[in-house]
Every structure is written in structure tokens, then in C-alpha cells.
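# Architecture at a glance
One-letter residues, chain by chain:
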Amino acid sequence: MALVTTFITTPTVMAIYKPARAAGRRRLHHRKLQGPDPSAPSSPSASAGAGAAMELRVLACIHGGQDVPAVINLIETIRGHTQPRRLVKLYILRMVELTERTSSILMARAARRNGLPFLRPRRAGEPHDQVDVAFDTYAQLGHVHVRAMTAVSALHTMHDDVAAVAEDKRVSLVVLPFHKRQTGGHGGGDDVENLGPEWRAVNRRILREAPCSVAVLVDRGFGGGEQVSSEQVAHGVCVVFFGGPDDREALELAGRMAEHPGVQVTVVRFVDGKDGSEEQSEVTLRPSHTKNADRSYTFSTAVVDAAKEKELDEAAVAEFRQRMGTLVQFEERVVVGNVIEEVVSIGKSREYGLVVVGKGRLPSPMVAQLAVRPAEHPELGPIGDALASSGHGVTSSVLVVQQHDMSNADEVPVSVVVDGRAQDGEFAKDMAEP
């Protein structure tokens, strides 16, 4: 009996374990805000991911009540007010660390029949907490479909729970709270609450494993720090555009925001200061075996056609400007000095409540050269990291967007080579290693 049990258990579990099958299916679905054809950016009538033409499904992850106002303001900004009004399905997932406390154990035991033990629907007669009340009120007043859930899991498996919900609900965008949040109010003070490296690791794993696009929200009191109704939304949004798939996804998100009458969207496109009369530097990123991924920026190892990417960027910008017209202010800035200072100045200007940037896994040459900078939050990319760092005096909230693309999922630390010369000495070391 012992031998039979030993040899039968493993194949039986592998045959009937449904999450294992779901993991295989996740790789078949590519959901993002842009249209399925990368050469043709989507229009307001185009489908969002796998959903219907006017439907947008968003999974917003929160830690507690502190994240609620920013999430509601962000969703209200994204949904716009076009006619017919865009249908939004908002799924709220409260992430709770599984501990030995009795309350956590009881929540974990409240399993649903669908095999997801971390989902606990609220029953009639149960007390309402502030988070439930806030989203119930928003659902009624804003006419938004809201479904609240709770994930109770160990932190090292929390990303699996988030990915499973995103796959099951077929969402096009996952919104994550940054592991640091400002406690001094909108744009005020340097008081920052750090949830710790464990929650930062959760975000990094979600960015790597999510079956759809992901946006990390660095909240500095977005929308004034209070949840507002749709009629009260009034703030400026700046989209920083350098080029690449992530920046094009941020541009698509900006198009949705521009449809809201209370939101003024400004797109700032940075172009290299070298014109046609000057020779452009050739920037190459080479994988580095000597750098630590926790302390260095990581970029995609996929081989891309630089000319094709530039063509896609130009097409996306041209289509966006034609579609948006006067709804969006468009500005081109020629960079001749420090690009980080130029970007940080936007966040410090107090003109915008939110700055939207792409993570830059397939970076433009200007962003690629920033790979040699010391990284404080490498999971946000060079531009997002500069805006999220507390030492730069940025007062705007920041949204870092990563477009879902399985071909760009593998990211590694890199060395920068400009015109055949290594910028940080790492490339020479890598070449010397067997």
C-alpha cells in the first residue's frame, strides 16, 4: 500500500490540480490597453484587451483604507465621460499577509467552491468596514461595477493570487500601490511610510508574472487625498513620452484620461538634442553578469529592430494627436543636458496632480544611457525611479506603466555601450568572464 500510494499520488495530483492548468492558459492571453495590432494604436472604439469595445476591466490592489482615495480618483480619471459612457468593471483586491493570528486563519478557511481559498465574499449581516463602505458608495454614485475581494496569503505567494484573479476576471490593467506612501498630505512634508522590502518584492513579482499590463501608483495625495465624485474631478495629468512599448501604453492610458472634462492632459515628448547635422550615438545594452538586479535597472533581453520601434512611436504619436485634437496639450522638449533634471522639474512644478511614465523595458537611446545611474527603485525603471525618489522634491503622484508583452518578460541588469565604449566598466568585465 505504501508503494502504491507513493507512485500514484504525484501523477494524480498533477492530473487534477486546476491551478497548474490555469498557469499554462495564462501564457495564451495577452491583455493590454493598446489594440492587438502594435502597428495600429487603438482608438476609443477599439477593444481594451480581450474585453468588449467600450468595456475596461481593472484590478486595483490595496493594502488598506489609505489606498482607497487614490484608487477611486484614478479609476474616475481613466473612465472618462464620453457618450456612450465607457463601461468600467473594477475589481478590488485587498492584500493581507497570512499570519498566525486567528482572524487571518479564519479568513483563509472561508474558501469558495471555485478553489480559490483567498476569496472571501461579504455575507449579509456582517459589519462593513471603511473600505467596503467607500467602494459601495462609489459604485452607487459613479455607476461603476465594483467587486471587492480579499487575498490572504503568504507574501512569497501573493503574486500568484493576484495573477490568478487577473486571469480569472480577464482584466486589462492591474494597479499596484507603491511600497512607500507619503503621510504628510498632498505634496507636503517628507514623511514617508515604508511597508518594507517584503511588499516591494511582491510588487516586483507581480510585474514579472501578471497576465496583463501593470501600473504602479506612487501616491502623494492624488486628487487631494480624498475620494471625490465625478463632478469634482479637476486636476492636471502629464504624460512623459520617450518611446517604446511601455511609453505607448502610457500614451493610450492618457487618451482615456483626456476624455474626462475635469482632467487636463499634457503630453511632453522628449527628443534628442542632436539633430540631423550631428552624428547620433549608437547605444547598446549588453547583459551584465556582475550587477545585482536588486540594485541595478533591468531591461528586456529581447532583440528588437530599433528602426521599427521608432516607426511605431511616430505612428502612435501621430494617431494620438489626430484622435485627441484640442483635448490634449502636446509639447516637444529637446534634451541637450541632463534628462533626469528635465523630468524631475515636471514633477516639482506643482502643475500636475499625476505624472504618467512608461517603465521603459525596451528603452529609447536617451533612457538606455540612464542604466548606469544608481537605482533606488529599479522595478520602476530610470524615469519612474527618479520621480518616485523622495530626495528629488517631486510633489506629483506618479503612475509607472508596464505594457504586457511575454516577449519582453525576461529582464536582466545591463551594461551600457555607447559607440563601442563601455560607460561603466562592466562590459569589459563581462567579456573577460568565460
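Residues numbered from 1 in each chain as written. Predicted model: local features only at pLDDT ≥ 70, side-chain atom pairs only at ≥ 80, totals over all residues. Heavy atoms only, no water.

In this structure, Leu59, Val174, Val240, Phe242, Phe270 and Ile383 are the most contacted members of the largest nonpolar core, which totals 50 residues. The element contributing the most residues to this core is helix α10 (residues 339-348), with five residues. Formed jointly, this core draws a minimum of three residues from each of two domains, domain 1 (54-122 + 129-183 + 193-222) and domain 2 (232-420). Ignoring sequence-local partners within four residues, the contact set of Phe242 consists of Asp247, Phe270, Val339, Val343, Ser364, Met366, Val367 and Ile383. Core analysis: the next-biggest nonpolar cluster, separate from the first, contains 46 residues, Leu56, Ile72, Leu251 and Val267 among them. (Core = buried A, V, L, I, M, F, W, Y, C linked by side-chain atoms within 4.5 Å. Buried < 20%, exposed > 50% of the residue type's maximum accessible area, 1.4 Å probe, protein only. Helix = DSSP H or I, 4+ residues; strand = E, 2+ residues; numbered from the N terminus. Domains from an automatic or database assignment. Contact = heavy atoms within 4.5 Å.)

For the largest pocket, the calculated volume is near 1,400 Å³. If you go around the largest pocket, you meet 46 residues; those closest to its centre are Ala306, Pro363, Ser364, Pro365 and Met366. Within the residue set of the lining of the largest pocket, elements represented by two or more residues are β9 (263-272), β10 (283-287), β11 (298-300), α9 (306-324), α11 (365-368) and β15 (411-418). Element by element, the count of residues in the lining of the largest pocket is highest for α9, at six residues. Class assignment for the residues of the lining of the largest pocket results in 25 nonpolar, 12 polar and nine charged. (1 Å grid on protein atoms, 1.4 Å probe; cavity = no way out; pocket = protein on both sides within 12 Å on 5 of 7 lines; lining within 4 Å. Points joined across faces, edges and corners; volume = space filled by probe spheres on them. Nonpolar A, V, L, I, M, F, W, Y, C, P; charged D, E, K, R; others polar.)

Take the packing of aromatic side chains next. Counted under the stated rule, the structure contains one aromatic pair. For the pair Phe242 and Phe270, a centre-to-centre distance of 5.0 Å together with 10° between the ring planes defines the contact as stacked. Here Phe270 lies in strand β9 and Phe242 lies in the loop between β8 (235-241) and α8 (245-258), a separation of 28 residues in the sequence. Just as Phe242 is buried, Phe270 falls in that class too. (Phe/Tyr/Trp six-rings, centres within 6.5 Å; stacked < 30°, edge-to-face > 60°.)

A few words on the packing of helix α6 (residues 158-169) against helix α7 (residues 197-209). Where α6 meets α7, the axes come as close as 9 Å, and the angle between the chain directions of the two elements is 40°. Classified by the angle between their axes, α6 and α7 sit oblique to one another. The handedness of the crossing between α6 and α7 comes out as right-handed. Two secondary-structure elements touch here, α6 through Met158, His159, Val162 and Ala163 and α7 through Trp199, Val202, Arg205, Ile206 and Glu209. Per-class residue counts for the contact of α6 with α7 are six nonpolar, one polar and two charged. (Axes fitted to C-alpha atoms, helices over the stretch in contact; angles between N-to-C directions. Parallel < 35°, antiparallel > 145°, perpendicular 65-115°, else oblique. Left-handed = near helix turned anticlockwise from the far one by under 90°.)

Where nonpolar side chains cluster on the molecular surface, the patch consists of Met1, Val4 and Ile8 and spans about 360 Å² of accessible area. Position of Val4 relative to the elements: it lies in helix α1 (residues 2-16). (Patch = residues over 30% accessible without salt bridge, like charges linked within 9 Å, V, L, I, M, F, W, Y side chains within 5 Å. Areas by Shrake-Rupley, 256 points an atom, 1.4 Å probe, with all protein chains shown as cover. Salt bridge = Lys/Arg side-chain N within 4 Å of Asp/Glu carboxyl O.)

Put simply, α8 and α9 touch, their axes get as near as 10 Å, and they point 5° apart. One finds that α8 runs roughly parallel with respect to α9. Side by side, α8 and α9 meet where Pro245, Arg248, Leu251, Glu252, Ala254, Gly255 and Ala258 of the first sit next to Glu309, Leu312, Asp313, Ala316, Val317, Phe320, Arg323 and Met324 of the second. Tallied by class, residues from the contact of α8 with α9 come to nine nonpolar, one polar and five charged.

Turning to the confidence of the model for the protein chain, a few remarks are in order. Here the protein chain shows a mean pLDDT of 78. Residues at 70 or above account for 73%. Segment residues 111-115: pLDDT under 50, and five contacts once partners within four positions in sequence are set aside and those in other chains are kept. Counting contacts from residues 426-434, a segment whose pLDDT is below 50, to residues more than four positions away or on other chains yields 15 contacts. (pLDDT = per-residue confidence, 0-100.)

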